[in-house]
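Report on the structure
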Amino acid sequence: TQTEELERDKIALEALDQQKTHFFQTVSHELRTPLTLILTPLERTLKDHPGHEELETASSNARRLLRLVNQLLDFQKLSANRYELSLQARNLIPIMSRCADYFRSAASGRDIEFIVTIDGKPITHDMVPIVALVDVDAVEKVAMNYLSNALKYTPQEGHIELSLRTQRPFATLSVIDTGPGIARDQQGHLFEIFSQVDGSTTREFEGTGIGLALVKELTEGMKGQVGLISDT
């Protein structure tokens, strides 16, 4: 019957999806180990030969590939509901500062103004702690992916802002930039896995289409589980 055929098709699709997930996980794990073994001597050699252009290029691209592999593994865990949030009461200010420090020099090198604000005021180290129940790793991944995209598309002498706004019982983290934006008809594809707004082989900006899909999965997983504990 048609119902039986649909059930068989469903089972076949589920089996295919499991095979695909297993394939991605296996390949990602197999890539991560040799990449780590490549990066370790590269970083050690760079310390002995600072400023070596070819070594810096090799190290930069190896780190980029490792980030891609880690994103694939994280995305597969989320898709399979095996990514468990580890919620802790943490001060959000140092988390924001760490994310900002990672991008500040790159932004400065392109004459991009990069600022970090909390409730509209520039961040300072003596600010009163803003404590929230969060998964630090997940928050950092979300912020870093948004900042990476902002840095990628913001033109020279542009502006990027990493912003935190508190309104009990929530704290809202956002990234604002002066990039070209995304056409309305393309916005629906923005958070799809392996999706690129410009999918041509000659596109101007590099990307994998994994980062924002991972962000979507992480933020949906944190909904209703992350809350502001104290901002005073």
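Right above here is the structure, for reference.
Now for a quick tour of the structure. (Residues numbered from 1 in each chain as written. Predicted model: local features only at pLDDT ≥ 70, side-chain atom pairs only at ≥ 80, totals over all residues. Heavy atoms only, no water.)

Glancing now at the overall build of the protein. In terms of regular secondary structure, the protein is built from 5 helices and 7 strands. Along the chain direction, N to C, the helices and strands of the protein fall in the order α-α-β-α-β-β-β-α-β-β-α-β. In the protein, the share of contacts with a sequence separation of at least 24, taken over all contacts with a separation of at least 6, comes to 73%. Surface exposure of the protein reaches about 14,800 Å², of which carbon and sulfur atoms provide 53%. (Helix = DSSP H or I, 4+ residues; strand = E, 2+ residues; numbered from the N terminus. Contact = heavy atoms within 4.5 Å. Areas by Shrake-Rupley, 256 points an atom, 1.4 Å probe, with all protein chains shown as cover.)

This part takes up unusual backbone geometry. Trans peptide bonds make up the majority, and among non-glycine residues the majority have a negative phi. Unusually for a residue other than glycine, Asp119 sits at a positive phi of about 50°. The backbone of Glu157 shows a phi angle near 65°, a positive value even though the residue is not glycine. Residue placement: Glu157 occurs in the loop between α4 (136-153) and β5 (159-167).

This brings us to the pattern of salt bridges. Close approach of charged atoms lets side chains of opposite charge pair. On inspection of all chains with the given rule, the structure shows 4 salt bridges. Arg98 is the partner of Glu140 in a salt bridge, and the nearest nitrogen-oxygen pair spans 2.7 Å. Within this pair, whereas Glu140 is found in helix α4, its partner Arg98 is found in helix α3 (residues 92-109), the two being separated by 42 residues in sequence. Here Lys141 ties to Asp137 by a salt bridge, and the two come within 2.9 Å at their closest N and O atoms. Linking Lys141 with Asp137, this pair stays in helix α4, spanning 4 residues, or about one helical turn. Given the relative accessible area of 38%, Asp137 is considered partly exposed. (Salt bridge = Lys/Arg side-chain N within 4 Å of Asp/Glu carboxyl O. Buried < 20%, exposed > 50% of the residue type's maximum accessible area, 1.4 Å probe, protein only.)

Between α3 and α4, the least distance of the axes is 10 Å, while the angle of their chain directions is 25°. Relative to α4, α3 is oriented roughly parallel. Here α3 and α4 pass one another in a crossing that is right-handed. Taken together, the residues of α4 that come into contact with α3 (itself represented by Ile95, Arg98, Cys99, Tyr102, Phe103, Ala106 and Ala107) are Val136, Val139, Glu140, Ala143, Met144, Leu147, Ser148 and Leu151. (Axes fitted to C-alpha atoms, helices over the stretch in contact; angles between N-to-C directions. Parallel < 35°, antiparallel > 145°, perpendicular 65-115°, else oblique. Left-handed = near helix turned anticlockwise from the far one by under 90°.)

By the definition in use, this model includes 1 aromatic pair. Seen in terms of ring centroids, Tyr102 and Phe103 are 5.3 Å apart; in terms of plane orientation they differ by 70°. Their pairing is edge-to-face. Classification of Phe103 as buried rests on a relative accessible area of 8%. (Phe/Tyr/Trp six-rings, centres within 6.5 Å; stacked < 30°, edge-to-face > 60°.)

It is worth spelling out the nonpolar core at this point. Counting residues in each nonpolar core, the largest one holds 24 residues, and the members touching the most others are Leu92, Phe114, Val134, Leu147, Ile160 and Leu162. Contributions of two or more residues to this core are made by α3, β2 (113-118), β4 (131-134), α4 and β5. It is α3 that provides the largest number of residues to this core, a total of 8 residues. (Core = buried A, V, L, I, M, F, W, Y, C linked by side-chain atoms within 4.5 Å.)

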